[in-house]
Amino acid sequence: MYELYSCLNLVFYATIIPGTILISWLTGLVGLATLQTSLLVFLLFFVLLPLVFRYSVTLQRGILFLTFIRYPKGLDLTNPASIGLYATRNFYITVKDHDQDEDGISIGVWHVLPKNAVGHFKAELQVEAAFDIEQAAAEDQQQSSIETFDQDRDNSHELKKLSPALRSEFPVILPENEQLFYERLLRMPGGTVVLYLHGNTATRGSGHRSEVYKLLRNLNYHVFSFDYRGYADSDPVSPTEEGVVRDAFMVYEYIANITSNPIIIWGHSLGTGVATHLCAKLAHLKERGPRGVILESPFTNIRDEIRMHPFSRPFKHLPWFDFTISRPMYSNKLRFESDIHIHEFPQPIMIIHAEDDVVVPFILGYRLYRVALDTRERSWGPVEFHRFEGKHKYGHKYLCRAPELPSLVQHFVANYRDAVY
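Quantities reported herein were computed from a predicted structural model and do not represent experimental measurements.

What counts and what doesn't
Residues numbered from 1 in each chain as written. Predicted model: local features only at pLDDT ≥ 70, side-chain atom pairs only at ≥ 80, totals over all residues. Heavy atoms only, no water. Helix = DSSP H or I, 4+ residues; strand = E, 2+ residues; numbered from the N terminus. Buried < 20%, exposed > 50% of the residue type's maximum accessible area, 1.4 Å probe, protein only. Contact = heavy atoms within 4.5 Å. Areas by Shrake-Rupley, 256 points an atom, 1.4 Å probe, with all protein chains shown as cover. Lys, Arg positive; Asp, Glu negative; His and termini not counted. Charge placed at Lys NZ, Arg CZ, Asp CG, Glu CD. 1 Å grid on protein atoms, 1.4 Å probe; cavity = no way out; pocket = protein on both sides within 12 Å on 5 of 7 lines; lining within 4 Å. Points joined across faces, edges and corners; volume = space filled by probe spheres on them. Nonpolar A, V, L, I, M, F, W, Y, C, P; charged D, E, K, R; others polar. Polar contact = N/O pair within 3.5 Å; in protein donor to acceptor, adjacent residues only side chain to side chain. Axes fitted to C-alpha atoms, helices over the stretch in contact; angles between N-to-C directions. Parallel < 35°, antiparallel > 145°, perpendicular 65-115°, else oblique. Left-handed = near helix turned anticlockwise from the far one by under 90°. Expected span 1.5 Å × (residues − 1). Phe/Tyr/Trp six-rings, centres within 6.5 Å; stacked < 30°, edge-to-face > 60°. Salt bridge = Lys/Arg side-chain N within 4 Å of Asp/Glu carboxyl O. Pairing = 2+ DSSP bridges. Right-handed = clockwise from strand over helix to strand, strands pointing away.

**Details of the overall build of the chain**
Consideration 1: Helices and strands together make up the secondary structure of the chain, namely 16 helices and 8 strands.
Consideration 2: Looking at the chain residue by residue over its 421 residues, the buried ones come to 50%.
Consideration 3: Considering only residue pairs separated by 6 or more positions, the chain has 78% of its internal contacts joining residues 24 or more positions apart.
Consideration 4: Within the structure as shown, the chain displays about 19800 Å² of accessible surface, and the carbon and sulfur contribution to it stands at 57%.
Consideration 5: When the 41 positive and 47 negative side-chain charges of the chain are each reduced to one mean point, those points stand 3 Å apart.

**Notes on the layout of surface pockets**
Consideration 1: The space that makes up the largest pocket amounts to roughly 850 Å³.
Consideration 2: The residue makeup of the lining of the largest pocket, split by class, is 19 nonpolar, 9 polar and 3 charged.

**Re the environment of Y213**
Consideration 1: Within the fold, Y213 resides in helix 9 (residues 207-218).
Consideration 2: Taking the C-alpha atoms as reference, Y213 lies 21 Å from C279; in sequence the two are 66 residues apart.
Consideration 3: At 2.7 Å, the side chain of Y213 forms a polar contact with the backbone oxygen of R204.

**Points about the packing of helix 2 (residues 32-55) against helix 13 (residues 321-331)**
Consideration 1: Closest axis-to-axis distance for the helix 2/helix 13 pair is 8 Å, and the angle between their directions is 15°. Regarding the angle of helix 2 to helix 13, the classification is roughly parallel. Helix 2 and helix 13 meet at a crossing whose hand is left-handed. Listed contacts from helix 13 to P50, L51, F53, R54 and Y55 of helix 2 are F323, T324, I325, P328 and M329.
Consideration 2: Residues belonging to the contact of helix 2 with helix 13 are distributed by class as follows: 8 nonpolar, 1 polar and 1 charged.

**Things to note about helix 16 (residues 405-416)**
Consideration 1: If you check helix 16, its first and last C-alpha atoms are 17 Å apart, about what 12 residues at 1.5 Å a residue would give, namely 16 Å.
Consideration 2: Of all 12 residues making up helix 16, 9 are buried, and the element is well covered by its neighbours.
Consideration 3: For helix 16, the complete set of buried residues consists of L405, P406, S407, V409, Q410, F412, V413, A414 and Y416.
Consideration 4: Looking at the buried side of helix 16, the elements it contacts are helix 9, strand 5 (263-268), strand 6 (292-296), strand 7 (349-354) and strand 8 (383-388).

**Considering the packing of aromatic side chains**
Consideration 1: Taken as a whole, this structure holds 21 aromatic pairs when the rule is applied.
Consideration 2: Arranged with centres 6.2 Å apart and planes meeting at 75°, the rings of F65 and F336 form a pair that is edge-to-face. With F65 in helix 3 (residues 57-65) and F336 in the loop between helix 13 and helix 14 (338-341), this pair connects stretches of sequence that are 271 residues apart. Neither residue differs from the other here; F65 and F336 are each classed as buried.
Consideration 3: With a centroid separation of 5.4 Å and 80° between ring planes, the pair formed by Y366 and F385 is classed as edge-to-face. Of this pair, Y366 sits in helix 15 (residues 362-375) while F385 sits in strand 8, and the two are 19 residues apart along the sequence.
Consideration 4: A relative accessible area of 30% places Y366 in the partly exposed class.
Consideration 5: Connected via pairs of aromatic rings, a cluster forms that spans W110, Y196, Y213 and W266.

**Here we look at the pattern of salt bridges**
Consideration 1: Applying the stated rule across the entire model yields 14 salt bridges.
Consideration 2: Here R401 makes a salt bridge to E211, at a shortest N to O gap of 2.8 Å. Note that R401 is positioned in the loop between strand 8 and helix 16 and E211 in helix 9, a separation of 190 residues in sequence.
Consideration 3: Under the relative-accessibility criterion, R401 is labelled partly exposed at 48%.
Consideration 4: Taking the shortest distance from any N to any O, the salt bridge between E355 and R387 comes out at 3.1 Å. Pair noted here: E355 is in the loop between strand 7 and helix 15 and R387 is in strand 8, with a separation of 32 residues, a long-range link.
Consideration 5: On the basis of relative accessibility, which here comes to 34%, the residue E355 falls in the partly exposed class.
Consideration 6: Residues joined in a network through salt bridges with shared partners are D97, R229 and D247.

**Thoughts on the sheet that holds strand 8**
Consideration 1: An order of 1-2-4-3-5-6-7-8 is seen for the 8 strands of this open sheet, with the pairing classed as mixed. With partners counted over all chains shown, the strands left at the sheet margins are strand 1 (88-95) and strand 8, one partner each. For this sheet the average axis-to-axis angle between neighbouring strands, irrespective of direction, equals 20°.
Consideration 2: Looking at chain direction, strand 6 and strand 7 are connected through 4 bridges and run parallel. Of the residues in strand 7, the one forming a bridge with E296 is I352.
Consideration 3: Where helix 8 (residues 178-187) meets the sheet, its contacts fall on strand 1, strand 2 (105-112), strand 3 (193-197) and strand 4 (222-226), and the angle it forms with strand 1 comes to roughly 95°.
Consideration 4: Where helix 10 (residues 241-258) meets the sheet, it contacts strand 1, strand 2, strand 3, strand 4 and strand 5, and its direction lies at approximately 120° from that of strand 1.

**With respect to the pairing of strand 3**
Consideration 1: Within strand 3, 5 of the 5 residues are buried, which leaves the element mostly enclosed by the surrounding structure.
Consideration 2: Because side chains alternate across strand 3, one face comprises the buried residues V193, L195 and L197, and the other comprises V194 and Y196, equally buried.
Consideration 3: Where strand 3 lies against strand 4, 4 bridges are found, and the strand directions are parallel. Residue pairing in the sheet places L195 in a bridge with F224 of strand 4.
Consideration 4: As for the winding sense of the linkage, the β-α-β connection from strand 3 through helix 9 to strand 4 is right-handed.

Set out below in structure tokens:
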């Protein structure tokens, strides 16, 4: 009975549009020219376009990663201070996909220093004015949601003790000694590092992402963000799932090779798929993993996300939707199966999602949470889920503006930064 219902349902959705057009012509509501034009548009839009998508890996990657969408225009990524990210180092990492890869791929990276480090060395970093203005603005806005209980667990004491020696070694930070200075601060005991994995479109410098960096900086965390291959000033190589995960792996490895301080991975949107895949890969290789994972606006897998994305609404009821869109992406290894990867690593997880998210619907984030609860081992790190009511209008990108978010992040990091699972 169910098979008969499904068959009738498919026939209905396959014929409703051309059938409506034909009936309109037969009843005289439209002329022959309108009938021909309408049927041609239907064939081009609902039949030919999905077929082209099925057989074009380039189009599949382009729609998934949207590397051609770049904003804000004219942003100089070599100068993060232009968007208010003072005391931020821009540099590049070479990613080799295999041992025979001689040249590798260049990846653009930012390292944002934590607020307490900037406060100690604002003169040497030549950012006194910018730092003082931001601090005054923070006090005016009464940003007291950042609690003080974690201050005993950051490296403020080490900074105070070692700052005289560092000042004598680095009287002023110049391009010649910038890398050494930033890495020296990163290596200092007691700190926390957040590796941010952004979603598709734009660059590491787009507006909502810089807001996240500033939030994390004010929590006294080092922040690393980068652009995957094909994005921004990283090499213009067509991205794949394995490729962007490889990029994230190499940036993570760069951090882990410099410091033994705890690392937290934060993924947003498509970056949540990168984050879970990266953590599963680290666990499989038995490499040092992060201390915790934050997933902002996550989905279960690309097949579910595509079906529920607003752009798919005209197509998702077509009988050939899976044949022309979902299955080809799966076959071409564009999967981002967080619902599988989430039970392949043991670290604690915090999921945050807004109810009014239309890009990645709230139900997908909650479904991933339920999968995690049902499939992860009991001895592993816990999984938290925090929903944000739709009335706040945070949508897909602006959870960083929720006044309670800094405290949630701070509690999560403080609870698990010293825990090993």
